[in-house]
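Observations on the three-dimensional arrangement
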Amino acid sequence: VLKDIKKNFKRGNSLTKLIYINVGVFLIASILHVLSFLFMVNSLEFLNYFTLPASISYFIKKPWSIITYMFLHQSFIHLLFNMLWLYFGGQIFLSFFDNKKLISTYVLGGISGAVLFILSFNLFPVFATALPNAVALGASASVLAIIMAIATKSPNYSIRFLLIGNIKLKHIAIVSIVLDIMSIPQGNAGGHIAHLGGA
């Protein structure tokens, strides 16, 4: 199985590699969580080295987190939805752009999401009490950057959805942005703000 995974990773395109890395990081984090439970050790202390803190003073101590956070996921459902969106958007992206552009869009989208997340938590008074403990993790900002890139490149490109019919990329992009803006006061404000940064 490991040989097959290694072979697929080497032969795969950048989309395959991104999905493999995200899944691999999730599996490693999950195994560490199980081991920490069995040996009564706090695994969160280790994982916190890789999550993105909203606090600038904390971020300065671990600047690598601006990259590592976009490969971490909180739960299997979190990972699953992000990877489905990544696969769906990535396939279309690669029909317009090359593999290098997919990687750069993923990384730059994640960095943009991180910057807006940190700025928002340090500028808006509503986040003052949450600031010291607020962290971001997940590929959502990176994935949304890819969705927005293809919606900008070919806004009238139609995708057929079961039971719904054809929907244009520009409408998917607009709905995604509007939902994220409207969802900021409803919970997980940091996540929605990071999505908008990626977009």
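All of the points below concern the structure found in this document. Model, not experiment: these values are computed from the prediction.

1. Quick look at the overall build of the protein chain
- When you go through the protein chain residue by residue, the secondary structure sums to 10 helices and 4 strands.
- Element order for the protein chain, N to C, with α for helix and β for strand: α-α-α-β-α-α-α-α-β-α-β-β-α-α.
- Taking 199 residues into account, the globule formula puts the C-alpha radius of gyration at 16 Å, and the protein chain, at 18 Å, falls close to it.
- Overall, the protein chain is about 50 × 50 × 30 Å in size when its C-alpha atoms are taken along their principal axes.
- For the protein chain, buried positions account for 40% of its 199 residues.
- A sequence separation of at least 24 residues applies to 65% of the contacts in the protein chain between residues at least 6 apart.
- Total accessible area computed for the protein chain in this model is approximately 11,800 Å², and 70% of it derives from carbon and sulfur atoms.
- Computing the positive centroid from 14 side-chain charges and the negative centroid from 4, the protein chain places the two 10 Å apart.

2. Some details on a nonpolar patch on the surface
- Taken together, the side chains of Ile31, Val34, Leu35, Phe37, Leu38, Phe39 and Val41 make up a nonpolar region of the molecular surface, amounting to roughly 770 Å² of accessible area.
- Within the secondary structure, leucine 38 sits in helix H2 (residues 14-38).
- Judged by its relative accessible area of 56%, leucine 38 is exposed.

3. Notes on the side chain of threonine 51
- Here threonine 51 shows up in the loop between helix H3 (43-47) and strand E1 (52-53).
- Polar contacts involving the side chain of threonine 51 include one to the main-chain carbonyl oxygen of asparagine 48, which spans 3.4 Å.

4. Remarks on the pairing of strand E4 (residues 165-168)
- As paired strands, strand E3 (residues 158-161) and E4 are joined by 4 bridges and run antiparallel to one another. Residue pairing for E4: phenylalanine 161 is matched across the bridge by glycine 165.
- Hairpin connection, E3 to E4: the antiparallel pair is bridged by 3 residues, and leucine 163 has positive phi, about 70°.

5. A word on the packing of helix H7 (residues 99-123) against helix H10 (residues 189-198)
- In the contact formed by H7 and H10, the axes pass within 7 Å of each other and the chain directions differ by 130°. Between H7 and H10, the angle falls in the class oblique. Where H7 crosses over H10, the handedness of that crossing is right-handed. From H7, Gly109, Ser112, Gly113, Leu116, Phe117, Ser120 and Phe121 reach across to H10, where they touch Gly190, Ile193, Ala194, Leu196, Gly197 and Gly198.
- Here the contact of H7 with H10 is composed, by residue class, of 6 nonpolar, 7 polar and no charged.

6. Notes on the packing of helix H9 (residues 169-183) against H10
- At a minimum axis distance of 8 Å, the contact between H9 and H10 shows a crossing angle of 145°. Between H9 and H10 the crossing geometry is left-handed. Facing Ile177, Asp180, Ile181 and Ser183 of H9, the residues of H10 in contact are His192, His195 and Leu196.
- Its residues assigned to classes, the contact of H9 with H10 shows 3 nonpolar, 3 polar and 1 charged.

7. Details of the packing of aromatic side chains
- Inspection of the entire model under this criterion finds 9 aromatic pairs.
- Ring geometry for tryptophan 85 and phenylalanine 88: centres 5.5 Å apart, planes at 75°, overall edge-to-face. Here phenylalanine 88 and tryptophan 85 lie together in helix H6 (residues 76-96), a separation of 3 residues that amounts to about one turn.
- Their ring planes at 15° and their centres at 4.2 Å tell us that phenylalanine 121 and phenylalanine 127 sit as a pair that is stacked. One exposure class covers both phenylalanine 121 and phenylalanine 127, and it is buried.
- One aromatic cluster is present, formed by Phe117, Phe121, Phe124 and Phe127 through successive ring pairs.
- Above the face of the phenylalanine 9 ring, lysine 17 is positioned so that its terminal group lies 5.4 Å from the ring centre.

Calculation notes
- Residues numbered from 1 in each chain as written.
- Predicted model: local features only at pLDDT ≥ 70, side-chain atom pairs only at ≥ 80, totals over all residues.
- Heavy atoms only, no water.
- Helix = DSSP H or I, 4+ residues; strand = E, 2+ residues; numbered from the N terminus.
- Rg over C-alpha atoms; globule rule 2.2 N^0.38 Å.
- Buried < 20%, exposed > 50% of the residue type's maximum accessible area, 1.4 Å probe, protein only.
- Contact = heavy atoms within 4.5 Å.
- Areas by Shrake-Rupley, 256 points an atom, 1.4 Å probe, with all protein chains shown as cover.
- Lys, Arg positive; Asp, Glu negative; His and termini not counted.
- Charge placed at Lys NZ, Arg CZ, Asp CG, Glu CD.
- Patch = residues over 30% accessible without salt bridge, like charges linked within 9 Å, V, L, I, M, F, W, Y side chains within 5 Å.
- Salt bridge = Lys/Arg side-chain N within 4 Å of Asp/Glu carboxyl O.
- Polar contact = N/O pair within 3.5 Å; in protein donor to acceptor, adjacent residues only side chain to side chain.
- Pairing = 2+ DSSP bridges.
- Axes fitted to C-alpha atoms, helices over the stretch in contact; angles between N-to-C directions.
- Parallel < 35°, antiparallel > 145°, perpendicular 65-115°, else oblique.
- Left-handed = near helix turned anticlockwise from the far one by under 90°.
- Nonpolar A, V, L, I, M, F, W, Y, C, P; charged D, E, K, R; others polar.
- Phe/Tyr/Trp six-rings, centres within 6.5 Å; stacked < 30°, edge-to-face > 60°.
- Lys NZ or Arg CZ within 6 Å of the ring centre and 35° of its normal.

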